Amino acid sequence: MSNPLLEVKDLHVEFDTYDGTAQVINGIDLIVERGETVAIVGESGCGKSVTVKTILGLLPEADISQGEILYKGENLLELSDAKRHARRGKEMSMIMQNPMSAINPVFTVGEQMLDVLKWQGQHRVGITDWVRDKFRSEAELRERAIDMLEQVDISAPERVFESYPVELSGGMRQRVLIAIALLLEPDFLIADEPGTALDVTTEANILELLDDIVEEHDTSVLYITHDLGVAREISDQLNVMYAGEIVETAPTETLFEDPQHPYTRGLLESIPQLSRGIGAGIPGKLPDYTDPPTGCRFADRCPHAETECREVVPHLRRTEPEHAAACHLFEGDPHLDRHQDAVTEFPYIGPPPWQADTDETEVDVR
Ligand SMILES: Nc1ncnc2c1ncn2[C@@H]1O[C@H](COP(=O)(O)OP(=O)(O)OP(=O)(O)O)[C@@H](O)[C@H]1O
Ligand code: SF4
Ligand SMILES: [Mg+2]
């Protein structure tokens, strides 16, 4: 039986805004198995960062109206703040989206690394521990930090250790962030678009590096990206997200061989225009989260939308043993247990028109 490291079940996240309640995350499910890299792909504003920040408990203003976040079988949403904080430091770590804002500009890289090594994961440190740590290990900790900078391929680690963030290039800062995230050898790493702020070559190097380190430390990774090419390179399992919902999930290669959801297909077809941002090649925009559609959230942009799509929510259906899509063009059993009873409500409007036209389903993105 599978024993996932992380299992998110039916997560709903809302925000109070001036325009009303924004229902951003609308019942998502995710599984990260041990040692596996899982990617979430979707256009800007679809809820990727809200999802991962909710997992880490970094959004105090969010209302988690429903759901469970099971980490090693324990629901993180039921833990006290202190326990959650401890988990975040020692077992889970995150590389933030923006390296400029994620590092504190007023401390040197070394000071920040030592700070993580000394305090992170310990909500309250007794004075005895503090004294012991201070006198026992300053040199040891420094050695460990410099060793980690070396592991992320920083060629002059001592110099970088003494530097302020402003003295480093963007690529170097991102490497420092990765080093910081890996300092405590977390079991679980969340990387939220770690390449966005970098040029293409640096991004490719960082990806390769991350891949190596993850393999070496057997870390499980949840990787957020708006770049399908990157997701294909790095992940074992791919989740396509649209407007706060997972609309398609499958092992990465399966998904590229047979993309099913009209949104996924739109993303793949718009790849040549990716410099304009993912999703830009699909006419229309994300729905208003304070007034989301009743049925399929993608209906206003979908070339195959029928009346039923606007009326009934398309739950994820299992279209192949390990492949599920949330779209009325597909038949199949409900992918999630909680939708078993709703099966009679699923209108089937398929088959997908492209299957009738051609047997060629693979869309090459590279
Ligand atoms: N604290 C907040 N209060 C209200 N709305 C929020 C808050 N944080 C995020 N949102 C909204 O939630 C939606 C999803 O945001 P999120 O940052 O998760 O997008 P994303 O998929 O990470 O996009 P990007 O690729 O640009 O980083 C957006 O409409 C955003 O405005
Ligand atoms: S359910 Fe309907 S509107 Fe939604 S993606 Fe499928 S065909 Fe398009
Ligand atoms: Mg984001």
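Residues numbered from 1 in each chain as written. Chains lettered and ligands numbered in written order. Predicted model: local features only at pLDDT ≥ 70, side-chain atom pairs only at ≥ 80, totals over all residues. Heavy atoms only, no water.

Draft legend 1. Region of the structure containing the overall build of the protein chain. Looking only at helices and strands, the protein chain has 13 helices and 13 strands in total. In the protein chain, which comprises 366 residues, the share counted as buried stands at 52%. When the accessible surface of the protein chain is totalled, it reaches about 17,400 Å², and 46% of it is carbon and sulfur. (Helix = DSSP H or I, 4+ residues; strand = E, 2+ residues; numbered from the N terminus. Buried < 20%, exposed > 50% of the residue type's maximum accessible area, 1.4 Å probe, protein only. Areas by Shrake-Rupley, 256 points an atom, 1.4 Å probe, with all protein chains shown as cover.)

Draft legend 2. Region of interest: the pairing of strand S3 (residues 37-41). Among the five residues that make up S3, five are buried, leaving the element largely enclosed by the rest of the structure. Side-chain alternation along S3 places Thr37, Ala39 and Val41 on one buried face and Val38 and Ile40 on a second face that is also buried. Here S3 runs beside strand S8 (residues 220-225); their pairing, made up of five bridges, is parallel. Note that in S8 the partner of Val38 across the bridge is Leu222. Pairing of S3 with strand S9 (residues 237-242) involves four bridges; the strand directions are parallel. The partner of Val41 across the bridge, within S9, is Val240. (Pairing = 2+ DSSP bridges.)

Draft legend 3. Quick look at the site of ligand 2. Taken together, 13 residues lie around ligand 2, and Cys296, Cys302, Cys309, Cys327 and His328 are the ones closest in. Comparing atom positions with the cavity grids shows ligand 2 to sit within the largest cavity. A class-by-class count of the residues in the shell around ligand 2 yields 10 nonpolar, three polar and no charged. (Near = heavy atom within 4 Å. 1 Å grid on protein atoms, 1.4 Å probe; cavity = no way out; pocket = protein on both sides within 12 Å on 5 of 7 lines; lining within 4 Å. Sits in = over half its atoms within 2 Å of the grid points. Nonpolar A, V, L, I, M, F, W, Y, C, P; charged D, E, K, R; others polar.)

Draft legend 4. Expanded view of the site of ligand 1. Inspection of the region around ligand 1 gives 14 residues, with Ser44, Gly45, Lys48, Glu61 and Gln97 positioned closest. Contact between ligand 1 and Lys48: an oxygen atom at 2.8 Å from a side-chain N or O atom of the residue. Relative to its unbound accessible area of 640 Å², ligand 1 is 67% covered by the protein chains. Here the element with the most residues in the shell around ligand 1 is helix H1 (residues 48-56); it accounts for three residues. (Polar contact = N/O pair within 3.5 Å; in protein donor to acceptor, adjacent residues only side chain to side chain.)

Draft legend 5. The environment of Val312, seen in detail. Within the element layout of this structure, Val312 appears in the loop between helix H12 (307-311) and strand S11 (317-320). Along the backbone, Val312 and Cys296 are 16 residues apart, and their C-alpha atoms lie at a distance of 6.8 Å.

Draft legend 6. Region of interest: helix H7 (residues 170-182). For H7, which comprises 13 residues, the first-to-last C-alpha distance of 18 Å matches the rise-based estimate of 18 Å (1.5 Å per residue) to within 8%. Counting buried residues in H7 gives 11 out of 13 residues, a clear majority hidden from the surface. Of the positions making up H7, those classed as buried are Gly171, Arg173, Gln174, Arg175, Val176, Leu177, Ile178, Ala179, Ile180, Ala181 and Leu182. (Expected span 1.5 Å × (residues − 1).)

Draft legend 7. Spotlight on the sheet that holds strand S4 (residues 63-71). The four strands lie next to each other as S2-S1-S4-S5, forming an open sheet whose pairing is antiparallel. Bordering the open sheet on either side are strand S2 (20-32) and strand S5 (74-75), each of which pairs with just one other strand. Alignment of S4 against S5, held across two bridges, turns out to be antiparallel. Directly across from Leu70, in S5, lies its bridge partner Asn75. Across the face of the sheet, H1 comes into contact with strand S1 (6-17), S2 and S4 while running at roughly 110° to S1. (Contact = heavy atoms within 4.5 Å. Axes fitted to C-alpha atoms, helices over the stretch in contact; angles between N-to-C directions.)

Draft legend 8. Spotlight on the sheet that holds S9. Pairing is mixed in the open sheet, where nine strands are placed in the order S6-S7-S8-S3-S9-S10-S12-S11-S13. For this open sheet the edge positions go to strand S6 (92-95) and strand S13 (333-334), each flanked by a neighbour on one side alone. Across the face of the sheet, H1 comes into contact with S3, S6, strand S7 (188-192), S8 and S9 while running at roughly 150° to S7.

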